[in-house]
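Fold and contact review
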Amino acid sequence: MSTIQSFSLPAHSPMRHRDFLFGVATASFQIEGDAGSRLPCIWDTFCATPGKIADGSNGLTACNHVQHWYDDVALIEQLGVGGYRLSIAWGRVMNRDGSVNDAGMAFYIRLLDELNRRGIKPFVTLYHWDLPQYLEDAGGWLNRDTCYAFKDYARAVAEHLGDRVHAYATLNEPFCSSFLGYEAGIHAPGHASRAKGRTAAHHLLLAHGLAMKELRAVLPNTKAGIVLNFTPAYPLTASSSDANAAKLANQYFNLWYLQPLMTGQYPAIIDTLKADERPPVEAGDMDIIQAPLDYLGVNYYTRAMYQAGGELGFEEVRVPGVPRTDIGWEIRPQAFTELLVDLHRQFRLPPIYITENGAAQDDVPVDGKVHDAMRLDYLQQHLLAVHDAITQGVDVKGYFAWSLMDNFEWAEGYSKRFGIVYVDYQTQQRIPKSSAMAYRGLLGEIKAQGAN
């Protein structure tokens, strides 16, 4: 069992500098609730489809953050963090006819104003997977028109929220939206087709580029970027065939979303796809997608192992006997360092923020307290992994723990807990876990050090 009371960093770590930003993160559908005051989204539909959510639950109430937002902001302040990453529910701020839902926009304005009043920098994600259902009914991310609807939505949000936001992100994890939602079928909207997955991915990246132009036009002095998730691909053995399998998997799952942003090209694995599986790239698309970024958000949780095989040349292999989190993901902090260093060497990247990093644990309150020993060790190791990457030249500006509190964990429902704050879903009571106390301890120590 972990004996950590507070996280630690080397005495002269760049992460101790006052300009390094520590934060916590959430997403709208996962915490907000108050579904009656927004338009239905694809996750409402998915949750209502039998067998799609592990515990049969939904996001209609979630953490009821729309009601408890003020207390939640106070909780964030108590942690001592300098940043809070949240997402906007598209269907809460926009009506079906393209007009602004003033009441929905006012909710976020109040939230942002309070964060700023308390000195907490808001990082706002425009799209964290909750596409309005009426857009999905018209084809969703398979329909190129959705890209332009997103562009209009981005402009409306930028005009109304303005510089209350420290940094905007267009998309969170387009891999999940496209691959899990349109190719593997395990996330909303539940399609299962490689052609649909690759089409959705392209349209998401195009939507990102179109939105970047709007953000630049409305708020030229506010940071704008994108958040991508990476699951580094490792070969099962030292054989050349397994090494090639890992290379192909990396292109398909990771570089597919980054390389177009950096170079205007999809990875070489695109040439192995059948003609009808390749994305519908139109003239000028890649130039739009390649819009310069002020920052890149990197989400990391685990790595994956591959061997040669499968239709595209790779097969994922689950290695037995390694430490894993409650959701089954291998705990591998060294892969986090290696990922950041590899990306730094391969591309001319903008500054990086670690926008998500965390672990699921089966937390249970005991005498009103929650001691999350595994998560304590996980976060400590991964904070050090970020430190190691920075010492090797990677320009990391901040770190956001995922997540602020337990919440609706997509296809897993409420069965997996990632929060550093425990949520009793029956009473909506929030209980800071040992990891929250350790995070607060580290940030308090850094602040005290800076005052000396």
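Residues numbered from 1 in each chain as written. Predicted model: local features only at pLDDT ≥ 70, side-chain atom pairs only at ≥ 80, totals over all residues. Heavy atoms only, no water.

Next up on the list: the pattern of salt bridges. Overall, the coordinates contain 27 salt bridges when judged by the stated rule. For Glu-277, the salt bridge goes to Arg-194, with nearest N and O atoms at 3.5 Å. One end of the pair, Glu-277, is in the loop between α10 (240-263) and α11 (285-289); the other, Arg-194, is in helix α9 (residues 194-218), with 83 residues separating them in the sequence. Taken as a pair, Glu-277 and Arg-194 share a single burial class, namely buried. Its salt-bridge partner being Asp-406, residue Arg-417 comes within 2.6 Å of it at the nearest N-O pair. Of this pair, Arg-417 sits in the loop between β11 (396-402) and β12 (421-424) while Asp-406 sits in the loop between β11 and β12, placing them 11 residues apart in sequence. Owing to a relative accessible area of 0%, Asp-406 belongs among the buried residues under this scheme. Beyond isolated ion pairs, a larger network of salt bridges with shared partners links Asp-363, Asp-372, Arg-375, Asp-406, Arg-417 and Lys-433. (Salt bridge = Lys/Arg side-chain N within 4 Å of Asp/Glu carboxyl O. Helix = DSSP H or I, 4+ residues; strand = E, 2+ residues; numbered from the N terminus. Buried < 20%, exposed > 50% of the residue type's maximum accessible area, 1.4 Å probe, protein only.)

Taken as a whole and judged by the stated rule, the model has 40 aromatic pairs. With a centroid separation of 6.5 Å and an interplanar angle of 65°, the aromatic rings of Phe-7 and Tyr-439 are classed as edge-to-face. Residue Phe-7 is found in the segment before β1 (21-25), and its partner Tyr-439 is found in helix α14 (residues 434-451); the two are separated by 432 residues along the sequence. Summarising the burial analysis for this pair, Phe-7 and Tyr-439 share the class buried. Taken together, a centroid distance of 4.7 Å and an interplanar angle of 5° make the contact between Trp-90 and Tyr-153 stacked. Pair noted here: Trp-90 is in helix α4 (residues 90-93) and Tyr-153 is in helix α7 (residues 145-161), with a separation of 63 residues, a long-range link. Residue Trp-90 shares its accessibility class with Tyr-153, and that shared class is buried. An aromatic cluster is present here, built from Phe-175, Phe-179, Tyr-252, Phe-253, Trp-256, Tyr-257, Tyr-266, Tyr-306 and Phe-314 joined pairwise through their rings. The cationic tip of Arg-198 hangs over the ring face of Tyr-252; the distance from NZ or CZ to the ring centre is 3.7 Å. (Phe/Tyr/Trp six-rings, centres within 6.5 Å; stacked < 30°, edge-to-face > 60°. Lys NZ or Arg CZ within 6 Å of the ring centre and 35° of its normal.)

This paragraph deals with the sheet that holds strand β8 (residues 304-307). With respect to topology, three strands assemble into an open sheet ordered β6-β8-β9, the strand pairing being mixed. The open sheet has two free edges, formed respectively by β6 (233-235) and β9 (315-317), since each of these has just one partner strand. Ignoring which end each strand starts from, the neighbouring axes of this sheet average 50° apart. As paired strands, β6 and β8 are joined by three bridges and run parallel to one another. By the bridge assignment for β8, Pro-235 is matched with Tyr-306. Along the sheet, α10 makes contact with β6 and β8, crossing β6 at roughly 170°. (Pairing = 2+ DSSP bridges. Axes fitted to C-alpha atoms, helices over the stretch in contact; angles between N-to-C directions. Contact = heavy atoms within 4.5 Å.)

This brings us to the pairing of β11. Here β11 lies mainly inside the structure; six of its seven residues are buried. As paired strands, strand β10 (residues 352-356) and β11 are joined by three bridges and run parallel to one another. Looking at β11, one finds that Tyr-353 is bridged to Gly-398.

This part is about the pairing of β8. Where β8 and β9 come together, three bridges link them in antiparallel fashion. If you follow Tyr-306 over to β9, its bridge partner there is Glu-316.

Turning to unusual backbone geometry, a few remarks are in order. Pro-189 follows Ala-188 through a cis peptide bond whose omega is 10°. Within the secondary structure, Pro-189 sits in the loop between α8 (174-183) and α9. Cis geometry is found at the peptide bond from Trp-402 to Ser-403, where omega equals -5°. With respect to the secondary-structure elements, Ser-403 resides in the loop between β11 and β12. Phi at Asn-64 takes a positive value of approximately 50°, unusual for a residue other than glycine. With respect to the helices and strands, the residue Asn-64 is situated in the loop between α2 (42-47) and α3 (65-79). Of note in the backbone geometry, Trp-410 takes a positive phi value of approximately 55° without being a glycine.

What follows deals with α3. Its 15 residues give α3 an end-to-end C-alpha distance of only 18 Å, which falls more than 12% under 21 Å, the value for a rise of 1.5 Å per residue. Phi for Gly-80, located one or two positions after α3, is positive at around 85°. (Expected span 1.5 Å × (residues − 1).)

With that out of the way, let us pick up the environment of Phe-314. Among the structural elements, Phe-314 can be located in the loop between β8 and β9. The class of Phe-314 is buried, set by a relative accessible area of 12%. Distance in space between the C-alpha atoms of Phe-314 and Asn-250 is 9.9 Å, their sequence separation being 64 residues.

With 161 residues, the main nonpolar core has Phe-22, Trp-43, Trp-141, Phe-150, Phe-314, Tyr-399 and Tyr-439 as its most contacted residues. Broken down by element, this core gets its largest block of residues, 12 residues, from α10. (Core = buried A, V, L, I, M, F, W, Y, C linked by side-chain atoms within 4.5 Å.)

Another aspect to go through is the sheet that holds β10. The eight strands lie next to each other as β1-β2-β3-β4-β5-β7-β10-β11, forming a closed barrel whose pairing is parallel. The average angle at which neighbouring strand axes cross in this sheet is 25°, direction not considered. In the sheet, strand β7 (residues 295-300) pairs with β10 via four bridges, with the strands oriented parallel. Each residue of the ladder has a partner; that of Leu-296, found in β10, is Ile-352. Across the face of the sheet, helix α5 (residues 102-117) comes into contact with β2 (83-87) and β3 (121-127) while running at roughly 170° to β2.

None of this, on its own, says anything about what the molecule does.
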